[in-house]
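In case you want the letters, here they are:
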Amino acid sequence: MMDFALTEQQILIRNAARKFAEEELKEGAQERDITEEFPLHLIKRMGDLGLIGIQYPKEYGGQGGDYLSYVLAIEELCKVDSAFGIAYSISTTGFAGAIMLFANEEQKMHCLPSICKGDAMGCFALTEPEAGSDAGSAKTTAERKGDKFVINGTKHFITNGAIADYCFLVANTDLSKGSKGLTAFLVDLKTTPGVRVGHIENKCGIRSAKVAELIFENCEIPTSRMIGEEGKGLRYALTILNAGRIGVAAQGLGLAQGAFDTAKEYMKERKQFGKPICQNQYLAFRMADMETDIDMARLLLYKATWEQQNDMPFANMAAKAKLACTNLAMNVTTECVQFMGGSGYMREQNVERMFRDAKITQIYEGTNEIQRLIISGNIFK
Amino acid sequence: MIEDRRARDDDQTHLDNEKKAVIEQAIDLKNQENDMVTVIAAGCDTDRVLLREALAMGCDRAWLIARNSPDVSQKPPVSVDMEKLIRLNGYDVILTGYRMKSGLFSFLGAELAELLSLGQMSCASKLERKNICSKENPLVITDIRYGNEFLQMESTLPCVVTLANYASKNEIVSVAEILGSLKKELMIWKDKELDGLKAGDGRVQENYFSDAITIAALQKSEKRKDCAFYDEISVEEAVEVIIENLCQQNIIEGICL
């Protein structure tokens, strides 16, 4: 018998994240979208509540909980501020997840406890100006010189790049091997000479998330900071992107649910032609369709999370969840702006911010075209 | 901490402010003397998540009364079940909230005090344990709101205290507290287990009048969800419903007016 119910633990963690989002994160979300300031103090607050590293073992500063509880937390955050939500997700999965899976004990103990406490943030540096979807063609180099690696190159569009303390970097130790020369490294961004933050992106949406260029100029790191085996960096990165996709799917779901909830309340209050607009059958039917789509996407996301939690191959399901939830986010936020009319277009209602935030979810962590490649590849293998 | 959720029809998965305030006061009292807090509630199986939250807030043990009878009128009053569990558990101070009910209108605190033959302090707003070192004369002291003033009242233990303070600190439980609560006892008491427990000698005087007004009000208008429209029910209507209830319960055969 399948059990679709959340456990008590999952409900309570979801409620804790929801309460934090409603009472502490929501206030200021609109302003942060304008000022592009990232609230690091709220990351610390989440660390105090144990909401960072829910799924990681206690010896590394985590809580020893399950992965679905973490996904539920992302959704709750993204209902009110998806820029904050994605920053949290990248630090917790993109960076910390990579360290958990592939780093050695010394590397884990170096950064995970402070990440889980909310005292530090991480980022995942793979993308380059000439290497987006084609991540294997990354050209940043890491040349071995004695007991050090010297890194040169530029990474761009790095979420958290401007504020992160640590970086999971993918660089090439042997360009002649192409993608098979890519190797992963742990870099302390704030204390290592030779690395600096370059251009900070001015974006359409998720404006308070600090997406930046990272420039490496003769940046020296000890060889002990190589993660795992030389030449396996791309494989590690693609593995982490599978998990990251679940985080982005949760972001999309949160955006869709947040916009839907906002529009629903507006439609009950707004009266035209003598009645609330929710009593217009076309609008009510469209909301019924959207709620059905939201629930379908949610089930897909939870299924992908369940597969990951149970150490099953989950890449295909994660791709489907990412595709479904991010397309859902774009569709629902667009409709909700429309249903709210002129008010929906104004900043005060927040739904226009969700509409702008939704677009990037169809692009990053593997574009939706890449997701379709994965899914269709699985169908016709 | 005692409360009855069977009369409610909301499906929230989190404790409301009143319940949180009572739990917080219980934990505060516990911390004064390194004691233990058991939370007892009545509801259905899904309400266990609320008790889990109470455990995460710091309660030590949680018991849920979840009778399966589909007809609410066939169940004994909640206070009767709770009295059995309280006797089983042992107690010093029984805390409940001012608005916590047994059934639709009866006040839990008052009924429990009656069943357990204990004194009750109601409308209390803060509690303090004193003289616990003196086992012969342990006391609990509370501030009772009286109009715009506060009086200080003390009682020997055991006693029932009904709190009127709804100002919960409203803190967010941490993930560590939530996961820690999984190690604490959460028991569900079903019909068979409850019927097997021994009750005390006390008897609750059921409040037919209040229930009659409720039923009459509901019968008058389907839209009424709460039952506070006393002014719209005539005395004759209320008496009629009371007589009908008494006849249905075979307490009387009828009345000639």
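Scoring rules and cut-offs
- All chains use their own residue numbering, which begins from 1 and follows the written sequence.
- Each chain is given a letter, starting from A, and each ligand a number, starting from 1, according to the order in which they appear as written.
- The predicted origin of the model limits local features to residues at a pLDDT of at least 70 and limits the giving and counting of side-chain atom pairs to 80 or more, whereas totals for whole chains, interfaces and linings rest on all residues.
- Only hydrogens and water are set aside when side-chain values are computed; all heavy atoms of the structure are taken into account.
- The helix and strand labels rest on DSSP assignments: H or I over at least four residues marks a helix, E over at least two residues marks a strand, and numbering proceeds from the N terminus.
- Throughout this description, buried means an accessible area under 20% of the type-specific maximum (1.4 Å probe, protein chains only), exposed means over 50%, and partly exposed covers the range between.
- Between two residues, a contact is recorded if the distance between any of their heavy atoms is within 4.5 Å.
- Values of accessible area rely on a 1.4 Å probe in the Shrake-Rupley scheme; residue burial ignores everything except the protein chains shown.
- Once two parts are joined, some of their accessible surface, as seen by a 1.4 Å probe, is lost; buried area is that loss totalled over both.
- In protein, a polar contact means a hydrogen-donor-capable atom and an acceptor-capable atom, both N or O and within 3.5 Å, with residues adjacent in sequence counting only if both atoms are side-chain atoms; elsewhere, any N or O pair within 3.5 Å suffices.
- Amino acid classes used here: Ala, Val, Leu, Ile, Met, Phe, Trp, Tyr, Cys and Pro are nonpolar; Asp, Glu, Lys and Arg are charged; the rest, including Gly, are polar.
- A residue's pLDDT is the confidence the predictor assigns to it, expressed on a 0 to 100 scale.
- The salt bridge definition used is simple: a Lys or Arg side-chain nitrogen within 4 Å of an Asp or Glu carboxyl oxygen.
- Inter-axis angles, ranging from 0 to 180 degrees, are taken between N-to-C directions of lines fitted to C-alpha atoms, where helices are fitted over the stretch in contact.
- Here the angle decides the label: under 35 degrees means roughly parallel, over 145 means roughly antiparallel, 65 to 115 means roughly perpendicular, and every other value means oblique.
- In this scheme the handedness of a crossing depends on how the near helix is turned from the far one: anticlockwise by less than a right angle means left-handed, clockwise means right-handed.
- Each residue after the first adds 1.5 Å to the expected span of a helix.
- To obtain the arc, one takes the directions from the helix axis to the C-beta atoms.

Engineer: Can you lay out the overall build of chain B for me, pointing to particular residues and giving the numbers?
Structural biologist: If you tally the helices and strands in chain B, you get 8 helices and 11 strands. Counting the 257 residues in chain B, one finds 47% classified as buried. Across chain B, contacts joining residues at least 24 apart in sequence account for 68% of those joining residues at least 6 apart. Of the accessible surface of chain B, which amounts to about 13900 Å², a share of 49% is contributed by carbon and sulfur atoms.

Engineer: Mind laying out the interface of chain A and chain B, listing which residues take part and the relevant values?
Structural biologist: At the junction of the two partners, chain A supplies 22 residues and chain B supplies 19 residues. Each partner contributes to the roughly 1500 Å² buried at the junction of chain A and chain B, and carbon and sulfur atoms together form 67% of this total. For chain A, the biggest contributors to the area lost against chain B are Glu8, Leu12 and Lys19 of chain A; these three give 40% of the whole. Our count for the chain A to chain B interface comes out at 5 residue pairs in polar contact (both at pLDDT 80 or more). For the side of chain A that touches chain B, the secondary structure elements donating two or more residues are helix H1 (8-25) and helix H3 (40-49) of chain A. Residue contributions to the side of chain A that touches chain B peak at 12 residues, all from H1 of chain A. Looking at the side of chain A that touches chain B, its residues break down into 8 nonpolar, 6 polar and 8 charged.

Engineer: So, the confidence of the model for chain B: which residues are in play, and what are the values?
Structural biologist: All names here are of chain B. With 65% of its residues at a pLDDT of 70 or more, chain B has an overall mean of 76. No element of chain B has a lower mean pLDDT than strand S1 (residues 2-4), which averages 41, and none a higher one than helix H5 (residues 175-181), which averages 96. Scored below 50 in pLDDT, residues 1-11 shows 47 contacts in the model against residues more than four places distant or in partner chains. In the predicted structure, residues 222-230 sits below a pLDDT of 50 and forms 9 contacts with residues beyond four places in sequence or in another chain. Two numbers describe this predicted complex: its pTM, 0.86, and its ipTM, 0.89.

Engineer: Before we move on, could you go through the pattern of salt bridges and cite the residues and values that matter?
Structural biologist: All names here are of chain A. The full count for this structure, using the stated rule, is 36 salt bridges over all chains. A salt bridge links Arg298 to Asp295; its shortest N-O distance comes to 3.3 Å. With Arg298 and Asp295 both in helix H8 (residues 281-309), this residue pair falls 3 residues apart, about one helical turn. A salt bridge links Glu352 to Arg347; the shortest N-O distance between them is 4.0 Å.

Engineer: Give a detailed account of the packing of helix H7 (residues 233-269) of chain A against helix H11 (residues 351-361) of chain A, specifying residues and quantitative values.
Structural biologist: All names here are of chain A. In contact at an axis separation of 10 Å, H7 and H11 are set at 160° when each is read in the N-to-C sense. By the criterion of interaxial angle, the relationship of H7 to H11 is roughly antiparallel. The hand of the H7/H11 crossing is left-handed. Note on element contacts: H11 touches H7 through Val351, Met354, Asp357, Ala358 and Thr361, opposite Val248, Gln251, Leu255, Gly258, Ala259 and Thr262. Across the contact of H7 with H11, the residue classes break down as 6 nonpolar, 4 polar and 1 charged.

Engineer: Got a sec to walk through the packing of H8 of chain A against helix H9 (residues 315-339) of chain A? Specific residues and values, please.
Structural biologist: All names here are of chain A. Where H8 meets H9, the axes come as close as 9 Å, and the angle between the chain directions of the two elements is 155°. As far as their axial angle goes, H9 and H8 are roughly antiparallel. Relative to H9, the crossing made by H8 is left-handed. Two secondary-structure elements touch here, H8 through Leu283, Arg286, Met287, Met290, Asp293, Ile294, Ala297, Leu300, Leu301, Lys303, Ala304 and Glu307 and H9 through Met317, Ala318, Lys320, Ala321, Ala324, Cys325, Leu328, Val332, Glu335, Cys336 and Phe339.

Engineer: Before we move on, can you summarise the environment of Gln349 of chain A with the specific residues and values?
Structural biologist: Residue and element names in this part refer to chain A. Looking at the element boundaries, Gln349 is found in the loop between helix H10 (341-345) and H11. Separated by 18 residues in sequence, Gln349 and Thr367 have C-alpha atoms that sit 29 Å apart. Sequence-distant contacts of Gln349, that is, excluding residues within four places in its chain, are made with Thr262, Tyr266, Met340 and Ser343.

Engineer: Talk me through H8 of chain A; I want residue IDs and the actual numbers.
Structural biologist: Residues and elements named next belong to chain A. The end-to-end C-alpha distance of H8 is 42 Å, a good match for the 42 Å that 29 residues give at a rise of 1.5 Å each. Residues of H8 that are buried include every one of Leu283, Met287, Met290, Ile294, Ala297, Arg298, Leu301, Tyr302, Ala304, Thr305, Glu307 and Gln308, and no others. Contacts from the buried residues of H8 go to helix H4 (67-80), H7 and H9.

Engineer: Could you give me a rundown of helix H12 (residues 368-379) of chain A, with the residues and numbers involved?
Structural biologist: Residues and elements named next belong to chain A. Under the 1.5 Å per step criterion, the end-to-end length of H12 is 16 Å for 12 residues, consistent within 8% with the ideal 16 Å. Looking only at H12, the buried set comprises Asn368, Gln371 and Ile375. For H12, the angular spread of the buried residues around the axis is 50°, confining them to a single face. In H12, the exposed positions angled more than 90 degrees off the buried face are occupied by Glu369 and Leu373. On its buried face, H12 is in contact with H7, H9 and H11.

Engineer: Give me the lowdown on unusual backbone geometry, citing residues and values where you can.
Structural biologist: In the segment running from Leu157 of chain B into Pro158 of chain B, the intervening peptide bond is cis, with an omega of -5°. Within the element layout of this structure, Pro158 of chain B appears in the loop between strand S9 (149-156) and strand S10 (159-163). Positive phi values are uncommon outside glycine, yet Asn160 of chain A reaches one of about 75°. Tracing the backbone shows Asn160 of chain A in the loop between strand S3 (148-159) and strand S4 (166-172).

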